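Each chain, letter by letter, is given below.
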Amino acid sequence: MARAAHAEGAVRRLLARPARAQLITGPAGIGKTTLARAIAADLSRQGRTIVPIIGVAELRAVPAAALAPVLLSASRGRGERNATGAAGAAATADTADVAHEPIADTPDAVGERVHRFVAAVGSHAGEHALAVDDVSLLDDVTAGVVYQLVRVFGVPAILTDRSGRRLPGPILRLVNEGLLDQIELPPLATGELVEVVERFLGGHLHPDTTTRLEAASQGNPLVLRELILTAEARGCVVPGALGIEIDTVSHATRLVDSAREQLTVLTDSQRQLAEQLALSQPWPEDLAFRADEAALRGLVRHGIATVSTVRSRTLVRIAHPLLTEALIADIGPDRRVDLARRAAAALLSTGDDDDRRRAVHLLPEDEVEASELEWAATAAASAGDPAAALRLARAAERRRPTASSALVRAVALSALGRDADQAFLDAAERAEDDPRRALVALRHGQHLAYRCRDPRAAAELARGVRTGLDPSATALLDAEVAKWLAMVGESSGYEPADGVPPIARLGGFVTEAMFATMAGDVERATEAVTLGRPLAEAHRTELPHAESLLELSQFLVHVASADIRPARELAERERLDGDADAAGMWAYTLALVEFHAGRADRAHDLARLAVRQLQWRDFTGLVDVALSLEHTCAVVGGDETAIALVREQAPSSDIKVVLQRAEAEAWALVGDGRTDDALGVVCAAVEEGLRQRHHLLAALTATTAIRFGRARAVSTLLDRAADASGSPLCDLLARTARARSRGEYGECLDLVPALTRAGMVAVAARIARDAAVRAGAGATRTRARVAAAHLAARTLPDPPRTPDDDEALSPREWQIARAAAARHRSREIATDLGLSVRTVDNHLASVYRKLGVSGRDELAAALEGRGDSPPPSAPPPPPARRSPSPEVPHPHAATGDTVYETTIPSSDAVHP
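Every value quoted in this text rests on a predicted model; they were computed, and no experiment measured them. (Residues numbered from 1 in each chain as written. Predicted model: local features only at pLDDT ≥ 70, side-chain atom pairs only at ≥ 80, totals over all residues. Heavy atoms only, no water.)

Looking at helix α10 (residues 253-262)
Counting along an α-helix, one turn takes 3.6 residues, and residues three or four places apart therefore face a common direction.
Move 1: Within α10 the residues assigned to the buried category are Leu255, Val256 and Ala259. End-on, the buried residues of α10 take up no more than an arc of 100°, which puts them together on one face. Facing away from the buried side of α10 by more than 90 degrees, the exposed set consists of Thr253, Arg254 and Glu261.
Move 2: Against the buried residues of α10 lie α9 (221-233) and α13 (321-329). (Buried < 20%, exposed > 50% of the residue type's maximum accessible area, 1.4 Å probe, protein only. Helix = DSSP H or I, 4+ residues; strand = E, 2+ residues; numbered from the N terminus. Arc of directions from axis to C-beta. Contact = heavy atoms within 4.5 Å.)

So, in structure tokens, the structure goes:
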């Protein structure tokens, strides 16, 4: 996996004037050489000849040893271009004349050959790039050559090296002179890890497997690869209902043996500290210093330990997961217990809760107080580790059965998908006061509503429990019951109670924010989210998902405010860094964003992922909604199987599901040519949504009718949603439907930029297309055709395809139109795109006809927006010569064509 974010920045800096050398560093196996190869390949595609140089420890004392393959290749006159970076073995054509005879073994001959090599490459610096692997292992002569080519001649250079190694003097001079940038390559992010493993295994990973692989590999690609290959060889990779499961995650013996060799340099004191770290990492740096400062400095010097800052804490950990396994594997049972006790005592001395939790995990159960086991179990449950929570809760119960330990056991069993009802009953029986009984009933109800998907049973349970409770304790239950009743269509609002305990206030704010966002009441929802956030942090143990639920409401506030950029950014950030249990929820929100952006293909992939993740963990009751969205996307894509599934679904009382299923069914009916029936389905669902005060989702469902050409039928419904909610998005959609219904195409086009900012790109594309076909001749129609062509390039067409679609510019026509408007001649365009001049002129004739213009001047005016008002943003004109584009290739561009300019313009809704 070539990590594009790192590669693109490095290429940009290497091609700058003056070029800056790039040094990629990181631990063994992190992917340094892979990234260097990707960068070198990119440079090669842009006409650079790659000169590969590889440092070898055994040849470090041999002058010019690292240059020998290059010089030998040149002497044989091979001179081919090499796009494989540091792993290649070819040299440049310009160095072919350096020597034509075998390399002499005398120092003078080698020196002369090196001198001529430097002169040949340096004199054509703009045509070459150096790719140097393991730069710290270069001999002095080669290091000096690299310095001279970079410093004197400005030859771009991409270098790699392992973190912690001492750089040769000439390379250090590049650093000191400001000519070298260092790229510290981080571990694979969760999304990257999942992507590469799923690509290799050919299926989706079970979320628990992802967690185990992350922990075992620490994001190291080499270690990850060996883990997967070892698991396959041992038959531990098995398919499961929620994805591929890997029963045991362990490293191959040969890799552990290799790691052992690195540990042979350690002194006894260094090894003892390393073993304690391996068992209980990470440690705070000051704790490790107090334990043995000299040993710690030695571990860092040898590359066995690393020091990094995480959330304002400076932490020490073993540098590589293989080193960790090698250290632990060699610790005998008795010594392991002794080291664990000493490590636990050290961690407990810091007073930090994270350190305290790790200490409890280290010690034998009979050496830990029951209260500490109970506390650690609760902390593990809050941290999203149900397996550890279950183990610790059971240990605590064996020592002292309490309501708290039983509740943690029940919550852990629920999270693991096991039968948890008896554990909840045990917790209820042991509860010593009304607040505890209310909390047990709340968590039991959440299990019934979300895990068992029976919100009615949850509401009935809560009603039965609250009868005998003190009123101050019932407020916590009441807030959640309102949500459960909404899921069965029996509640449409919630009013928070006054004078209740903080935890009940938190529950109230979460529920109030949810109802306010559904109603489109941006101001009220924002206030509830703001007031709830401090309480969510304070009560993370009792209500671990409150923070994620408040962030979901904040996402919907952005959507209701008609501003998709912060909504998407929030969802992507939370999906990456937030609660792992909320992964399905955020995948669903991003699928929704993509669907309304007109990208049902991307939305389908995200919705399918969301369904699988929500089946694993769902604390919001979204799994059925996500499933309906998956079906909707599949239907829009023409999947006959999905159409059958939509029509076989059992009725639901959850209005969110009702609305999403209506969209799926409507698109299926449109595909059958039954547009009137589709309209009836949409209007009935929207009417029910408005009755239940779900104005925001009802308005989104109403856009389905606009997208299949029946804006007039939902105009009044959208007016009602806008009037009742005050939501800017509802108001925007109502104005759009009104303008389209009245045939006010100029106003429709005026609304296109706002619709794009709101993420309603599919709606914008439809009204622009309608205007392009139906508006009268003149500037408005020309402007509409430009807008329609622009939006067609970034969305997929909704079904069914109509003759009107043929009036939109094709990707190739759009490409040529932009070049012509930028005053490029037909011959220049033909050369850049690999077409004939006649083909370019034929395309231009089609563009003129579709846009209603008669030449390049009118075309330029149309694309620049010199009409009755500016058109939506368009992509920049293409460069005069072929070069890599930072834009995203159009998904429908023919694979056989040169598509470097066929791009989707950047937008908030598609590419934030």
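Still to come is the rest of the account.
Re a nonpolar patch on the surface
Move 1: Taken together, the side chains of Ile54, Val56, Leu59 and Val62 define a hydrophobic patch exposed on the protein surface, amounting to about 280 Å² of accessible area.
Move 2: The class of Val62 is partly exposed, set by a relative accessible area of 40%. (Patch = residues over 30% accessible without salt bridge, like charges linked within 9 Å, V, L, I, M, F, W, Y side chains within 5 Å. Areas by Shrake-Rupley, 256 points an atom, 1.4 Å probe, with all protein chains shown as cover. Salt bridge = Lys/Arg side-chain N within 4 Å of Asp/Glu carboxyl O.)

As for the environment of Arg712
Move 1: Tracing the sequence through the fold places Arg712 in helix α34 (residues 711-725).
Move 2: Through-space distance from the C-alpha of Arg712 to that of Ala737 is 6.4 Å; in sequence the pair is 25 residues apart.

A look at the pattern of salt bridges
Move 1: Within the structure shown, the criterion is met by 56 salt bridges.
Move 2: The closest approach of N and O atoms between Asp286 and Arg290, which form a salt bridge, is 3.9 Å. In this pair, Asp286 and Arg290 are both assigned in helix α12 (residues 285-301), four residues apart and thus about one turn of the helix distant.
Move 3: Its relative accessible area of 54% is what places Arg290 among the exposed residues.

Topic: helix α19 (residues 421-430)
Move 1: Along α19, the positions that sit buried rather than exposed are Ala423, Phe424, Asp426 and Ala427. Down the axis of α19, the buried set is contained in an arc of 155°. They therefore lie on one face.
Move 2: On its buried face, α19 is in contact with α18 (403-415) and α20 (434-451).

What about unusual backbone geometry?
Move 1: The step from Gln281 to Pro282 runs through a cis peptide bond, and the omega angle for that step is 0°.
Move 2: Checked against the element boundaries, Pro282 lands in the loop between α11 (268-280) and β8 (283-284).
Move 3: Despite not being glycine, Ala562 shows a phi value in the positive range, around 65°.
Move 4: Structurally, the position occupied by Ala562 is in the loop between α25 (546-560) and α26 (564-577).
Move 5: For Ala562, a relative accessible area of 17% gives the class buried.
Move 6: For Arg693, which is not glycine, the phi dihedral falls at a positive 65°.
Move 7: Following the sequence through the fold, Arg693 ends up in the loop between α32 (675-691) and α33 (695-707).

Examining the pairing of strand β10 (residues 313-318)
Move 1: In this structure, β8 lies alongside β10, joined through two bridges in antiparallel fashion. When the bridges of β10 are listed, Pro284 appears paired with Leu315.
Move 2: Two elements, strand β9 (residues 305-310) and β10, share six bridges in a ladder whose sense is antiparallel. Across the sheet, Thr309 pairs through a bridge with Thr314, a residue of β10.
Move 3: In sequence, β9 turns back onto β10 through a hairpin of two residues, with Arg311 there showing a positive phi of about 50°. (Pairing = 2+ DSSP bridges.)

Things to note about the sheet that holds strand β3 (residues 128-133)
Move 1: As summarised here, the arrangement of the five strands in space is β2-β3-β4-β1-β5, forming an open sheet in which the pairing is parallel. Two strands in the sheet have a free side with no partner beyond their single neighbour: β2 (49-54) and β5 (180-184). In this sheet, adjacent strand axes meet at a mean angle of 20° when their direction is disregarded.
Move 2: Relative to β5, strand β1 (residues 21-26) runs parallel, the two sharing five bridges. (Axes fitted to C-alpha atoms, helices over the stretch in contact; angles between N-to-C directions.)

Quick notes on the sheet that holds β9
Move 1: The strand order across the open sheet formed by three strands is β8-β10-β9, and the pairing between neighbours is antiparallel. Each edge of the open sheet carries a strand with a single partner, namely β8 and β9.

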